[in-house]
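Observations on the three-dimensional arrangement
Each chain is listed here by its residues.
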Amino acid sequence: MLLDAASLYFRAFYGVPTSVTSPDGRPVNAVRGFLDMTARLLTAHGPDRLVACWDDDWRPAFRVAALPSYKAHRLSPDGGEETPDELGPQVPVLVEVLAAAGIARVGAPGYEADDVIGTLATRARGPVDVVTGDRDLFQLVDDARGVRVLYTARGITDIEVVDEAAVTARYGIPGRAYADFAVLRGDPSDGLPGVAGIGAKTAAALVSEFGDLAGIRAAAARTAVPRPPLTAAVLKRLHAGAEYLDAAPVVVAVARGIDLPAVEGTLPRRPADAAALAALAERHGIGSSLGRLGAALGWPADVLD
C-alpha cells in the first residue's frame, strides 16, 4: 500500500475540524485524520507492506521548465506551496509520528510523491494499492499487475476502488489511457490548460479511436479529409495546440524509474521507538488515533503505556 501522503494530510485537514486540538490548543486535525484513515485502510485492505510517499519537491523544476503554469496558482509569496496556517505546523509532527511508529516514509529530491509512487508501483512484484485523492495517479492502474487506486473521493472515509474498468466507466477511455486523456482535456487544479476547445468528451473520443497521444497526433498529421472524431474544428485545435502538446506529456506522466533506495515497507509489529511515540501521543493528544493505528498493525494493547 502506497500512501500519497500530502494528498491524504490535506484531505484529513479539510475533513476533520480544526477544533480537534492538542492539549495546548494547537490543531492536530490533519495528524489525527491521517492516522485514522491509515488505520481504516490497513484494516479494510490488509496490505503486508506500507509506504508513506512524500513530496520532497511539490513543483519539480523539470515540470515547470516544460510548462511554467504548472501549479503556479498554488505558489505562496515566498515561493513555496500555499498551505493553510493551521496545517503547516502539523506536517513535522506527522513526520515524527511516522518515524517513531516505524512506518516507512520515502521521498526523492526533485520529485513529487507521484513519482515515488510510480517508481515503487513499477518495482513491486505483487499487487499494489495506491491511496490518493489525485486523479493523475489513475494512469498507474494496471489490472494485469494488480495495481489499483483507492481514491479518496470525498472526505476521509469515502474510498472508491479504481481499476481499469472504473477508469473506462468514468471517462469512456481505455483503462490505462488516463495520462493522454488528461493532457488533452487539461486539469485546472494543476495549472494544466489542455488543448483549447477540446473538452472531456472529445478527448475521450480521440483517445479511444487512436489509442494514445502519439497516435492522435500522427492521425492528425496525415488526415486530408476530416472525419469524426478528427473533424475540421478538432484538427484546427490540435494544430494550434502543438506547442502545448509537445510540452505537456512530461508534466503529466508519472515518473516510474527514479533513483530510490530499496524500500521494504514491512508493517511494524511494534513501534520503532515506543517511548518517543508515547511522548508524542501525550504532547499532541493523539493517543486514541495511535491506539487505532496500533490495533490495525497488531501492536500489543499496552505498547504505548
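Treat the numbers as computed from the prediction; the structure is a model and nothing was measured. (Residues numbered from 1 in each chain as written. Predicted model: local features only at pLDDT ≥ 70, side-chain atom pairs only at ≥ 80, totals over all residues. Heavy atoms only, no water.)

**Structural notes on helix α4 (residues 90–101)**
Within an α-helix, residues lying three or four positions from one another point in the same direction, as the helix has 3.6 residues per turn. Look at α4: 16 Å from first C-alpha to last across 12 residues, which is about the 16 Å you get at 1.5 Å a residue. Lining the buried residues of α4 we find α1 (5–15), α2 (29–45), β2 (51–53), β3 (104–106), α12 (274–284) and α13 (287–297). (Helix = DSSP H or I, 4+ residues; strand = E, 2+ residues; numbered from the N terminus. Expected span 1.5 Å × (residues − 1). Contact = heavy atoms within 4.5 Å.)

**Observations concerning the packing of aromatic side chains**
Taken as a whole and assessed by the stated rule, the structure comprises 10 aromatic pairs. Consider the rings of Y9 and W54, whose centres lie 5.8 Å apart with planes at 50°: the pair is tilted. Of the two residues, Y9 is situated in helix α1 and W54 in the loop between β2 and α3 (61–66); the sequence distance between them amounts to 45 residues. In this structure Y9 comes out as buried when scored by relative accessible area, which is 12%. Measuring from centroid to centroid gives 6.0 Å for Y178 and F181, while their planes differ by 55°, and the two rings are tilted. Here the residue Y178 and the residue F181 both occupy positions in helix α7 (residues 178–185), the gap between them amounting to three residues, near one helical turn. Assigned by exposure class, Y178 and F181 land together as buried. Within the aromatic cluster, the residues linked to one another by ring pairs are F138, Y151, Y171, Y178 and F181. A cation sits over an aromatic face here: R105 above W54, 4.8 Å from the ring centre. (Phe/Tyr/Trp six-rings, centres within 6.5 Å; stacked < 30°, edge-to-face > 60°. Buried < 20%, exposed > 50% of the residue type's maximum accessible area, 1.4 Å probe, protein only. Lys NZ or Arg CZ within 6 Å of the ring centre and 35° of its normal.)

**Points about the pairing of strand β4 (residues 128–132)**
Across a regular strand the side chains alternate sides, sitting on one face of the sheet and then on the other. Of all five residues in β4, five are buried, a share of seventy percent or more. The sheet contact formed by strand β1 (residues 2–4) and β4 spans two bridges and is parallel. Following the sheet pairing, L2 is matched in β4 by V130. As defined by bridge partners, β4 adjoins strand β5 (residues 147–154) across five bridges and the pair is classed as parallel. Directly across from V130, in β5, lies its bridge partner V149. (Pairing = 2+ DSSP bridges.)

**Regarding the nonpolar core**
One finds L184, L230 and L238 to be the most contacted residues of the largest nonpolar core, which totals 61 residues. At six residues, α7 tops the list of elements feeding residues into this core. Split by domain, this core shows at least three residues from each of two domains, domain 1 (2–172 + 255–297) and domain 2 (175–252). Counting residues in each nonpolar core, the second largest holds 42 residues, with F34, L87, I286 and L290 among its members. (Core = buried A, V, L, I, M, F, W, Y, C linked by side-chain atoms within 4.5 Å. Domains from an automatic or database assignment.)

**Digging into the sheet that holds β4**
What the six strands build is an open sheet, ordered β3-β2-β1-β4-β5-β6; its pairing is mixed. Two strands in the sheet have a free side with no partner beyond their single neighbour: β3 and β6 (158–162). On average, adjacent strands in this sheet sit at an angle of 25° to one another, irrespective of strand direction. The strands touched by α2 are β1, β4, β5 and β6; relative to β5, the strand with the most contacts, the crossing angle is about 135°. (Axes fitted to C-alpha atoms, helices over the stretch in contact; angles between N-to-C directions.)

**Details of the domain arrangement of the protein**
For the protein, the assigned domains are domain 1 (2–172 + 255–297) and domain 2 (175–252). Each of domain 1 and domain 2 has a C-alpha centre, and these two points are 31 Å apart. Contact residues are listed per partner, giving 21 residues for domain 1 and 20 residues for domain 2. Contact with domain 2 buries surface across domain 1, with L67, Q139 and Y171 losing the most and accounting together for 29% of the total. Across the domain 1-domain 2 interface, the total number found is four salt bridges. The salt bridge partner of D190 is R74, with a shortest N-O separation of 2.7 Å. The interface formed by domain 1 and domain 2 contains 10 residue pairs in polar contact (both at pLDDT 80 or more). Elements with a contribution of two residues or more to the side of domain 1 that touches domain 2: α3 and α6 (164–171). The dominant element in the side of domain 1 that touches domain 2, judged by the number of residues it contributes, is α6, at four residues. (Buried area = accessible area lost by both parts, 1.4 Å probe. Salt bridge = Lys/Arg side-chain N within 4 Å of Asp/Glu carboxyl O. Polar contact = N/O pair within 3.5 Å; in protein donor to acceptor, adjacent residues only side chain to side chain.)

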